[in-house]
Each structure stands twice: as structure tokens, then as C-alpha cells.
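Coordinate inspection notes
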Amino acid sequence: MEIVGQLQKQYVDFINSLFREGYLDDQYVQLQKLQDDSNPEFVVEVVSIFFEDSEKLLNDLASSIQQQVVDFKKVDGYVHQFKGSSSSVGAQRVKNACVAFRNFCEEKNLDGCSRFLNLVKQEFYLVKNKLETLLRLEQQILQAGGTVPLIE
């Protein structure tokens, strides 16, 4: 059982660092609280949907910004949607980047939109990598016969 204790400590240290560094906020904890024995894969399912939706939104955003005549209202709609989905999984840094991105949409500032598209992409791929690591750790704990520690 020593391996379980080590994995649990690693998990707690890692998730605490994600909160401390602003990758995640309390909404992620709320997601975890919704997971129970009747739906043990809830968090994995929600996060997986977030990943899929985000990839599509990023492609739509990139395509919209590259148009001859940019429809800033359409771009803003995509960013608003991305902000909402990021917020629902607790991806705080992505959400914050989307808030700033929307300001450039309102100003119809193509340069700013392009810069923030890159920032939003960067923040998304960072949090995606972190969440994949976190979910892998959860799986390792469960496979070793332990329970995933709840963060309050």
C-alpha cells in the first residue's frame, strides 16, 4: 500500500500546484464533487468533452480570423463559448485569456485578436497537458487499489 500513499501525495502536490499557479480554480473541485459511484467517470467525461470542443473552437477561431473580412461578432461568439466551457471545468487561465481576447473583438482589433488567439491556444494546451497528467495520476491511484484524495 506504500505505492498508493506515494501516488496520493504526488496527486495532492500536483493538484495544489495547479491551483497555486492559476491553471485551475474552484470549479474543478465542484466537478469532482459531482462524481460518485453511480458515475465514476464523470470528471474524465466532462474534461474529454472540453478537450474536443476546445479543439473545434480553436480551429473555428483561427479560420475566422484569417478571413479576408473578419466578422468580429462571430469571433467574439466563439471566444464567449470558449470562455464558458473553460470556466465550466475550472480552466482559469484559459478563461482569463478569453476575457482579454473578447476586448479585442469589441474593438475590432485584428492584431490583438491574433495575439490573443495564440495566447488562448498556448493556455489551452498547457492546461490540457496538466489535466491529462492529473487524470493519469487518478487512474494510477485507482488501479493500485486506492482512492483519489478530495481537495477542499
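Residues numbered from 1 in each chain as written. Predicted model: local features only at pLDDT ≥ 70, side-chain atom pairs only at ≥ 80, totals over all residues. Heavy atoms only, no water.

Naming follows an unreviewed UniProt entry, where the protein appears as Histidine-containing phosphotransfer protein of Forsythia ovata. Quoted verbatim from the Function (unreviewed entry) field of UniProt, the annotation for the protein is "Functions as a two-component phosphorelay mediators between cytokinin sensor histidine kinases and response regulators (B-type ARRs). Plays an important role in propagating cytokinin signal transduction." (UniProt positions renumbered as here; feature names shortened; annotations may be inferred.)

This brings us to helix α6 (residues 110-143). With 34 residues, α6 extends 49 Å from end C-alpha to end C-alpha; this agrees with the ideal 50 Å at 1.5 Å per step. Its side-chain oxygen placed 3.1 Å from the backbone nitrogen of D111, N109 serves as the N-cap of α6. Phi turns positive one or two residues past the end of α6, at G145, with a value near 90 degrees. (Helix = DSSP H or I, 4+ residues; strand = E, 2+ residues; numbered from the N terminus. Expected span 1.5 Å × (residues − 1). Polar contact = N/O pair within 3.5 Å; in protein donor to acceptor, adjacent residues only side chain to side chain.)

Moving on: the UniProt feature "modified residue: Phosphohistidine" (unreviewed entry) in the protein. Following the UniProt record, the feature "modified residue: Phosphohistidine" (unreviewed entry) maps to H80 here. Structurally, H80 can be placed in helix α4 (residues 72-89).

As a packed pair, helix α5 (residues 92-106) and α6 sit with axes 9 Å apart at the nearest point and diverge in direction by 170 degrees. If you check the angle between α5 and α6, you find them roughly antiparallel. Contacts between α5 and α6 involve R93, V94, A97, C98, A100, F101, F104 and C105 on the former and, on the latter, G112, C113, R115, F116, L117, L119, V120, E123, F124, L126 and V127. Considered class by class, the residues forming the contact of α5 with α6 number 15 nonpolar, one polar and three charged. (Axes fitted to C-alpha atoms, helices over the stretch in contact; angles between N-to-C directions. Parallel < 35°, antiparallel > 145°, perpendicular 65-115°, else oblique. Contact = heavy atoms within 4.5 Å. Nonpolar A, V, L, I, M, F, W, Y, C, P; charged D, E, K, R; others polar.)

Let's shift gears to the packing of aromatic side chains. For the coordinates displayed, the defined rule picks out six aromatic pairs. For the pair F51 and F124, a centre-to-centre distance of 6.3 Å together with 75 degrees between the ring planes defines the contact as edge-to-face. Residue F51 is found in helix α3 (residues 42-65), and its partner F124 is found in helix α6; the two are separated by 73 residues along the sequence. The interplanar angle of 65 degrees and the centroid separation of 4.9 Å between the aromatic rings of F124 and Y125 together place this pair among those described as edge-to-face. Judged by its relative accessible area of 40%, Y125 is partly exposed. Among the aromatic side chains, those forming a connected cluster through ring pairs are F50, F51, F82, F124 and Y125. Geometry around Y23 places R93 over its ring, the cationic atom sitting 4.0 Å from the centre. (Phe/Tyr/Trp six-rings, centres within 6.5 Å; stacked < 30°, edge-to-face > 60°. Buried < 20%, exposed > 50% of the residue type's maximum accessible area, 1.4 Å probe, protein only. Lys NZ or Arg CZ within 6 Å of the ring centre and 35° of its normal.)

Before going further, it helps to spend a moment on the UniProt feature "domain: HPt" (unreviewed entry) in the protein. UniProt annotation of "domain: HPt" (unreviewed entry) refers to residues 39-134 when read in the numbering used here. Split by type, residues 39-134 is 85% helix and 0% strand. Its first and last C-alpha atoms lie 18 Å apart.

Once that is clear, we can look at the state of the cysteines. Going through the model one piece at a time under the given rule, you end up with zero disulfides. C113 provides the cysteine sulfur closest to C105, a residue in no disulfide bond, and the two sulfurs are 3.9 Å apart. (Disulfide = S-S within 2.5 Å.)

Here we take up the environment of Q66. Residue placement: Q66 occurs in the loop between α3 and α4. A relative accessible area of 66% means that Q66 is categorised as exposed. Spatially, the C-alpha atoms of Q66 and L134 are 35 Å apart, while their sequence positions differ by 68 residues.

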